[in-house]
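Structural overview
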Amino acid sequence: MKELEEIIKELLENVKELEGVIENIKKPVTESSQLLPETAKNIEDVMVFLEQTSHAIMNLLEKINENSNKIGEDVDFLLSLNPVPKVRERLESIKTRNQENINILLELYTHMSFHDLAGQQLKTVLDVLQRIKQTLLDVIVSQVVAGKEVNREQMEGIKGKVSELLSQDRINQEDVDKLLEEFGL
Amino acid sequence: MPMPPPDIRILVVDDMSTMRRIIKTILNQLGYTNIEEAENGKQALAKLKKEKFDFVITDWNMPEMDGLSLVKAIRNDEELKSLPVLMVTAEAKKENVMEALKAGVNNYIVKPFTPEVLKEKMEKIFK
């Protein structure tokens, strides 16, 4: 009898220890599930900012290009008037440098594709965040459901609600508790 | 090598507005002004079925319908199957290029690219 008491005591101690471990995990997991949507929102903001700034820079580059083309036309007109050699020489020089500038502008313009390349990388990060968010929520739900009797119907219902929550911007412990409450857990 | 005539109608397909603008500007510099845009493969396919185009420049990674699916849809369509398609993408792995070629793209450009590269690829496609 005394032996059985010892075993039960040991078991209870183990359970208590396990409860502590779960409690310790719960806090950082919940905090992380709150931080993830915020991070995703920040990345989305960066993507919007990148796009707006890229267009603003391209507008300016186009304006410079337009001016350079106009300068080119004017120089061609002046050259067509058969200027004296010294003036012709200067005009030819302006024409060459102007064309160089137009080429540089086009090169700059093509470098703006950094926005597309950076955007694709950021989208990958967003996908990863989405996956982490899903895993974390699964962990939170399984933690709270652990040890409780959940039938098949309830589990299906919870899964449905979890998907619903995942489509929202913010997910926190409150959402999870509310959902569990709905299922009487 | 001769370039395609300047009056050809080109469809530029990319989900990034900046990229569409870059390609359009480069095409303008090369003398092509008859250009339409689409944001993804689905939108592009709808345009291709409704209007006549001579050339398609498409990205690979796009929402709703990606570039690879667009190429496959074009090659499986009796009316569109001979339409030249150039893929412009950040996907630079050998297997990506092989997959795109298998799907039926006429040529492949890795981003970022220069106007010279686009010109060279267009010359090759239309030779």
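Everything numeric here is computed off the predicted structure, so don't read it as measured data.

1. Regarding the interface of chain B and chain A
Counting residues at the interface gives 18 residues for chain B and 18 residues for chain A. Of the roughly 1,700 Å² buried between chain B and chain A, counting both surfaces, carbon and sulfur atoms make up 59%. A per-residue breakdown of the area chain B buries against chain A is headed by Met 16, Thr 18 and Arg 21 of chain B, which together make up 37% of the total. Put simply, chain B and chain A have 3 salt bridges between them. The residue Glu 62 of chain A makes a salt bridge to Arg 21 of chain B at a minimum N-O spacing of 3.2 Å. Take the side of chain B that touches chain A: its biggest share by element is 8 residues, from helix α1 (residues 17–29) of chain B. Here the side of chain B that touches chain A is composed, by residue class, of 8 nonpolar, 5 polar and 5 charged.

2. Let's talk about unusual backbone geometry
Cis geometry marks the peptide bond from Lys 111 of chain B to Pro 112 of chain B, where omega comes out at -5 degrees. Mapped onto the secondary structure, Pro 112 of chain B falls in the loop between β5 (107–110) and α5 (115–125). Here Asn 82 of chain A, not a glycine, exhibits a phi torsion of approximately 50 degrees, which is positive. Structurally, the position occupied by Asn 82 of chain A is in the loop between α1 (2–79) and α2 (85–111). Look at Asn 82 of chain A and you get exposed, because its relative accessible area is 63%. We note that Glu 64 of chain B has phi near 70 degrees; this positive angle belongs to a residue other than glycine. Structurally, Glu 64 of chain B can be placed in the loop between β3 (55–58) and α3 (67–75).

3. As for the packing of aromatic side chains
Residues and elements named next belong to chain B. Applying the stated criterion across every chain, the model contains 1 aromatic pair over all chains. When the centroid spacing of 5.1 Å and the interplanar angle of 85 degrees are considered together, the rings of Phe 55 and Phe 126 count as edge-to-face. Here Phe 55 is found in strand β3, whereas its partner Phe 126 is found in the segment after α5, with 71 residues between them in sequence. According to the relative accessible area criterion, Phe 55 is buried, its value standing at 0%. For Phe 126, a relative accessible area of 25% corresponds to the partly exposed category. Stacked on the ring of Phe 53, the Lys or Arg Arg 9 has its end atom at 4.4 Å from the ring centre.

The rules behind each value
- Residues numbered from 1 in each chain as written.
- Chains lettered and ligands numbered in written order.
- Predicted model: local features only at pLDDT ≥ 70, side-chain atom pairs only at ≥ 80, totals over all residues.
- Heavy atoms only, no water.
- Contact = heavy atoms within 4.5 Å.
- Buried area = accessible area lost by both parts, 1.4 Å probe.
- Salt bridge = Lys/Arg side-chain N within 4 Å of Asp/Glu carboxyl O.
- Helix = DSSP H or I, 4+ residues; strand = E, 2+ residues; numbered from the N terminus.
- Nonpolar A, V, L, I, M, F, W, Y, C, P; charged D, E, K, R; others polar.
- Buried < 20%, exposed > 50% of the residue type's maximum accessible area, 1.4 Å probe, protein only.
- Phe/Tyr/Trp six-rings, centres within 6.5 Å; stacked < 30°, edge-to-face > 60°.
- Lys NZ or Arg CZ within 6 Å of the ring centre and 35° of its normal.

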